[in-house]
Amino acid sequence: MTGRYTREGDVRELLLKSDDMFVISRPGDEISLSFDAEQLPPLPRGWTRTFLLYADGFSKEMDINSASPDQVGPLPFHGMSRYPYTWPERYPLTKERLKYLETYNTRVVASPVPLIETELIGLK
């Protein structure tokens, strides 16, 4: 999918709260999380500990039946009435979210295939 993806590197800041500032990842990307389990209290003999990961996000597939299956945008957000949303509804571009877009979503994936309209009128 074409669009702006989250840069590689430390993205912990984006994982701390549900605020519509997501890690936008491509197929093959991964996020590794770790913590020091030594800080947890010891378990009684014979017990085991289970860890649960709570994730809050959106998923978009390259399905021809979905909205804009060939591009990342439009970005989803928690308050949207539906997806895809229509004007005047839009991703809330606060000062903080603009900084997020400029700081984190710097990995640009462009379409390797020219648009049909461009080919038809002879522009390259």
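Residues numbered from 1 in each chain as written. Predicted model: local features only at pLDDT ≥ 70, side-chain atom pairs only at ≥ 80, totals over all residues. Heavy atoms only, no water.

Some thoughts on the environment of aspartate 20
Alright, step 1. You can see aspartate 20 is positioned in the loop between helix H1 (12-15) and helix H2 (95-104).
Alright, step 2. With 77 residues separating them along the chain, aspartate 20 and arginine 97 place their C-alpha atoms 8.2 Å apart.
Alright, step 3. In this structure aspartate 20 touches Phe77, His78, Tyr91, Arg97 and Tyr100, once residues within four positions along its chain are discounted.
Alright, step 4. Only 2.4 Å separates the side chain of aspartate 20 from the side chain of histidine 78, close enough to count as a polar contact. (Helix = DSSP H or I, 4+ residues; strand = E, 2+ residues; numbered from the N terminus. Contact = heavy atoms within 4.5 Å. Polar contact = N/O pair within 3.5 Å; in protein donor to acceptor, adjacent residues only side chain to side chain.)

A few points about the pattern of salt bridges
Alright, step 1. All told, the structure shown has four salt bridges when counted by the stated rule.
Alright, step 2. Between arginine 12 and aspartate 10 there is a salt bridge, with its nearest N and O atoms 2.6 Å apart.
Alright, step 3. Judged by its relative accessible area of 57%, arginine 12 falls in the exposed class.
Alright, step 4. Using a relative accessible area of 41% as the deciding quantity, one classes aspartate 10 as partly exposed.
Alright, step 5. The salt bridge involving arginine 97 is made with aspartate 20; its shortest N-O contact spans 3.6 Å. With arginine 97 in helix H2 and aspartate 20 in the loop between H1 and H2, the pair connects residues that are 77 residues apart, well separated along the chain. (Salt bridge = Lys/Arg side-chain N within 4 Å of Asp/Glu carboxyl O. Buried < 20%, exposed > 50% of the residue type's maximum accessible area, 1.4 Å probe, protein only.)

That is the geometry; function is a separate question.
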